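# Residue-level structure breakdown
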Amino acid sequence: MTEQNVSEHKNTFNIPEVIPILPLHHVMVFPKTMIPLEVTGSASVLVDEAMTKDRLVGLIMTKKEQDNVQPYAREDLHAMGTCAVILKMAKTAENRTQLLLQGLSRFSVEEIIEGKPYQQARIRLVDEKEVKDLETEALMANLLTLFDRILKLSPFLPPEFGPMAKSINEAGTLADLIASIINAPVEEKQKVLDTADVKLRLKELTRMVNHQMEVLELGNKIQTKVKDDIDKNQREYYLRQQMKAIRQELGESDENTVETDEYRKKIEEKNLPEEAKKEAQRELERLSRMHPSSAEYTVSSTYLDWITALPWHEATADNLDIAAARKILDEDHYGLAKPKKRIIEYLAVRKLKPDSKGPILCFVGPPGTGKTSLGHSIARALGRKFWRIALGGVRDEAEIRGHRRTYIGALPGRIIQGLRRAESNNPVFMLDEIDKLGSDFRGDPSSALLEVLDPQQNNTFTDHYLDVPFDLSKVLFIATANMLDTIPPALLDRLEVIELTGYTQEEKMKIAEKYLIPRQLKENGLTASQFKLTGKALSTIITGYTREAGVRNLEREIANACRGVAAQIAEGSLKSKTVTDKDVHRYLGAVRVPTDIDARITKPGIAIGLAWTPVGGDMLFIEATAMKGKKGLTLTGQLGDVMKESVAAALSFLRTNAEELGVNPDFFEDRDIHIHVPAGATPKDGPSAGVTMLTALTSLLTNRKVRKQLAMTGEITLRGAVLPVGGIKEKVLAAYRAGIKTLILPAWNRKDLEDIPANVQKKVKFHFVSDMMEVLTLALEPAAGRKPVKKANAKTAQMKKAKPTAAAGKKAAHSKAGAKK
Ligand SMILES: Nc1ncnc2c1ncn2[C@@H]1O[C@H](COP(=O)(O)OP(=O)(O)OP(=O)(O)O)[C@@H](O)[C@H]1O
Ligand SMILES: [Mg+2]
């Protein structure tokens, strides 16, 4: 029995030299620490016996595990152990005993005493000397700091261990306590137990604690990083889950599922065609997996909105009452017999054969002739919805056919958009200004229109955005254009062209009286009794203030007059007003359009041709003049190549036939000729001015003026034949509007006369010619004292007789004087 110096237990416990051995693995018991322990088998016997005696046991770590079956070989047991007292014991099951042990003191094993059923050992208690020096203090302080940090880094150690450790004064005890607490391998801990020297023990423990802390810190670092990564992903998820929970709490069900349910219902209700339904359901499937705030969600839901909003089956019932339809058409527009007739035919066919394919009508004509408004009227007559898209300047194929859904902000093309707005699959769909379609690197919109406008294929028109076919065959397409030239031939081929020509003065008067004036009265808040326009005044407005084939400007001028009167009435200076031709200028200002074309034909060398433009027919003045020079030919007025060539042809013809025409054959030797075609800023081209060029030149060189109120059109050959030209109807109407009384046209164009309104035919004298000599005979006033040209026919002779030659000669002399000046 050895003296024990540290342990307070030495007073209480008398530790014997020989003590029963309880081998331990995986657990360490340090002096002055408490530990619960479960024992089984032979150890239970040991415990039972110890309990009957002094309750003391010797705890020794084994070097290898042996299932608690004693005896252990001496070398399998560590040399140092801890003597402990059993504070509590409880039997839990057969051969299982729960113990609460309190370590008392370390000992070294002197000798193992074999015995049954447990081993005993002769021990020597370690005499633990208290050391108090600076190094120990420093070591202790350092250990405490380290221990503090370990406690902070280890979430499973209660922080109370900190103050507890600080309260311990003995260095050895502190080392044992910390060693028992930290999470280190038992082998390491055994080293602490083995070290009897207190200072060495502190050092050993410091090493251990340091290592332990490094492990913890590294672990912590890894943990934080992993946590950060997970946080990012999970944060959103948690928040979302929370939001969902909150919504549910508030009784609002989840937005996403509500929306998908709505779409599902819509798809069912809409009874989409098979293919569209499949596509819609696929999109819905995608939608249901997405979060409402994601960008793709919007893309998907927009698509579903479109596909469910389209009029797949919705159609308006056609008004097949032909008499009623005719009445409506007549109500809205004056004249326009041809298009109206075509519409009535269309209706009749639909009545007899409801599934007939719709034609694609194309109204062609100058501006303001009622193409667009006729479309409206047709829709009204048929009882259909009306939708119009303006194709002017459309350059991108995608505008017609849509963008693929993969593009951000993609939308269907205008056709599908129009149908959605029209809310029926059989509207009157107007493709306005189809002749102004553009095309460039973005694709050719007209090629997309080909499919739209082909009755054979448009029942499966596929918009890029929708990506499923839509049946356009019930749509009544109407296209409008000012000219046919710029419509791609393939497109034109699919159109049924209906020409709307310009209106005559009489027609304009009727349109104004029946439609434009009543409409403008309403617009300006006037009653029919407050504002009247005499027939003469109206005719003055038409001739003096507008120069157009249509009636748009006419309506504008009428509106002007209405506003003027409305202002006076509002001021109180008038009660009502009948506008006469005398006071038109008070409301519209000075006359704008020179009405007297005769005033421009003052000298030889000026002839009037007729031109065709997209805005209707027009007058073409050709002026020729000669001056001293040498065979120079100047052409001005932005003439195109073809027109320049006509001049050259005319000149050659003139030189060849100089004698016959009464022209000095050497006229070109000492002269320059200048031909000018006003308005100089407007580009002009085409062969139809040929006859006019030649007439102007002959007039100049023979010094014979061109007859008054006479105009002409026609192409010439080098041999003087007159060839047919186009646009006769517009040209004739323009000439008539300008007050022309005689027209010279190519004989080949005689057939075009049937399109010309009867009253115009009555008022204008037409001459159909096939030879240039005939033209000259008809057009030129006879030369003073000269015999009529050879080829003159009876009519020409008659005309010549009518004109006094003397007057012509006088005027010619006058013009000569002018030229000299
Ligand atoms: N025959 C007519 N009867 C009654 N009103 C008419 C007639 N022709 C044209 N109008 C009126 O003239 C105006 C212009 O017609 P609209 O806009 O249809 O011309 P448009 O042919 O489409 O011209 P653009 O080629 O410039 O588009 C409309 O207010 C229309 O009601
Ligand atoms: Mg229009």
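Note that this is a predicted model, so its numbers are computed, not measured. (Residues numbered from 1 in each chain as written. Chains lettered and ligands numbered in written order. Predicted model: local features only at pLDDT ≥ 70, side-chain atom pairs only at ≥ 80, totals over all residues. Heavy atoms only, no water.)

## Digging into the overall build of the protein chain
- Scanning the protein chain from terminus to terminus reveals 29 helices and 24 strands.
- Taking 821 residues into account, the globule formula puts the C-alpha radius of gyration at 28 Å, and the protein chain, at 57 Å, lies well above it.
- Principal-axis analysis of the C-alpha atoms gives the protein chain an extent of 175 × 70 × 60 Å.
- Within the protein chain, the proportion of its 821 residues that are buried is 48%.
- Residue pairs in contact within the protein chain that sit at least 24 positions apart in sequence constitute 73% of those at least 6 positions apart.
- Here the protein chain has roughly 40900 Å² of accessible surface; of this, 53% comes from carbon and sulfur atoms.
- Of the side-chain charges in the protein chain, 120 are positive and 109 negative, and the distance between the mean point of each set is 16 Å. (Helix = DSSP H or I, 4+ residues; strand = E, 2+ residues; numbered from the N terminus. Rg over C-alpha atoms; globule rule 2.2 N^0.38 Å. Buried < 20%, exposed > 50% of the residue type's maximum accessible area, 1.4 Å probe, protein only. Contact = heavy atoms within 4.5 Å. Areas by Shrake-Rupley, 256 points an atom, 1.4 Å probe, with all protein chains shown as cover. Lys, Arg positive; Asp, Glu negative; His and termini not counted. Charge placed at Lys NZ, Arg CZ, Asp CG, Glu CD.)

## Describing the pairing of strand 3 (residues 56–62)
- Most of strand 3 is tucked away, with seven of its seven residues classed as buried.
- Across the two faces of strand 3 the burial is the same, with Leu56, Gly58, Ile60 and Thr62 and Val57, Leu59 and Met61 all buried.
- As judged from the four bridges shared by strand 1 (residues 18–24) and strand 3, these two strands associate in the parallel manner. The residue of strand 3 that forms the bridge with Leu22 is Leu59. (Pairing = 2+ DSSP bridges.)

## Structural notes on the site of ligand 1
- Surrounding ligand 1, one finds 20 residues, the nearest of these being Tyr334, Lys371, Thr372, Arg519 and Arg552.
- Contact between ligand 1 and Ser373: an oxygen atom at 2.8 Å from a main-chain N or O atom of the residue.
- When the free accessible area of ligand 1 is taken as 630 Å², the share hidden by the protein chains comes to 89%.
- Contributing elements (two or more residues each) for the shell around ligand 1: helix 13 (371–382), helix 18 (505–523) and helix 20 (552–571).
- Taken together, the residues of the shell around ligand 1 break down into seven nonpolar, seven polar and six charged. (Near = heavy atom within 4 Å. Polar contact = N/O pair within 3.5 Å; in protein donor to acceptor, adjacent residues only side chain to side chain. Nonpolar A, V, L, I, M, F, W, Y, C, P; charged D, E, K, R; others polar.)

## A closer look at the packing of helix 24 (residues 690–702) against helix 27 (residues 772–779)
- Remark: helix 24 packs on helix 27, axes separated minimally by 10 Å, with the N-to-C direction vectors making an angle of 55 degrees. As the angle between them shows, helix 24 and helix 27 are arranged oblique. Relative to helix 27, helix 24 is oriented so that their crossing is right-handed. Contact residues: Val691, Leu694, Thr695 and Thr698 in helix 24; Met772, Val775, Leu776 and Ala779 in helix 27.
- In terms of residue class, the contact of helix 24 with helix 27 is made up of six nonpolar, two polar and no charged. (Axes fitted to C-alpha atoms, helices over the stretch in contact; angles between N-to-C directions. Parallel < 35°, antiparallel > 145°, perpendicular 65-115°, else oblique. Left-handed = near helix turned anticlockwise from the far one by under 90°.)

## Points about helix 11 (residues 322–332)
- When we look at burial in helix 11, the residues that qualify are Ala325, Ile328 and Leu329. Buried residues of helix 11 fall within an arc of 100 degrees about the axis and therefore sit on the same side. Exposed residues on helix 11 whose side chains face more than 90 degrees from its buried face are Ala323 and Lys327.
- Next to the buried residues of helix 11 lie helix 12 (337–352) and helix 13.
- Capping of helix 11 at its N-terminal end is provided by Asp321; its side-chain oxygen lies 3.2 Å from the backbone amide nitrogen of Ala323. (Arc of directions from axis to C-beta.)

## Considering the sheet that holds strand 8 (residues 386–390)
- With parallel pairing, five strands are arranged side by side in an open sheet as 8-9-12-7-13. Only two strands of the sheet have a single partner each, and these edge strands are strand 8 and strand 13 (496–499). Averaged over all pairs of adjacent strands, the angle between strand axes in this sheet comes to 25 degrees, irrespective of strand direction.
- In this sheet, strand 12 (residues 476–481) lies alongside strand 9 (residues 428–432) in parallel orientation, the contact comprising four bridges.

## Focus: the nonpolar core
- The biggest cluster of nonpolar side chains holds 50 residues, and the ones touching the most others in it are Ile378, Phe531, Leu538 and Leu554.
- Counting 47 residues, the second largest nonpolar core, distinct from the first, contains Trp306, Trp312, Ile400 and Phe477. (Core = buried A, V, L, I, M, F, W, Y, C linked by side-chain atoms within 4.5 Å.)

## A short note on the side chain of Thr308
- By the secondary structure assignment, Thr308 is in helix 10 (residues 295–309).
- Engagement of the side chain of Thr308 in a polar contact is seen with the backbone oxygen of Asp305, the distance being 3.3 Å.
- Discounting chain neighbours no more than four positions away, the residues touching Thr308 are Lys266, Ile267 and Lys270.

## Quick look at the confidence of the model for the protein chain
- Within the protein chain, residue pLDDT values average 83, and 91% of them lie at 70 or more.
- Across residues 787–821, where pLDDT falls below 50, the model places 29 contacts with residues more than four positions away in sequence or in other chains. (pLDDT = per-residue confidence, 0-100.)

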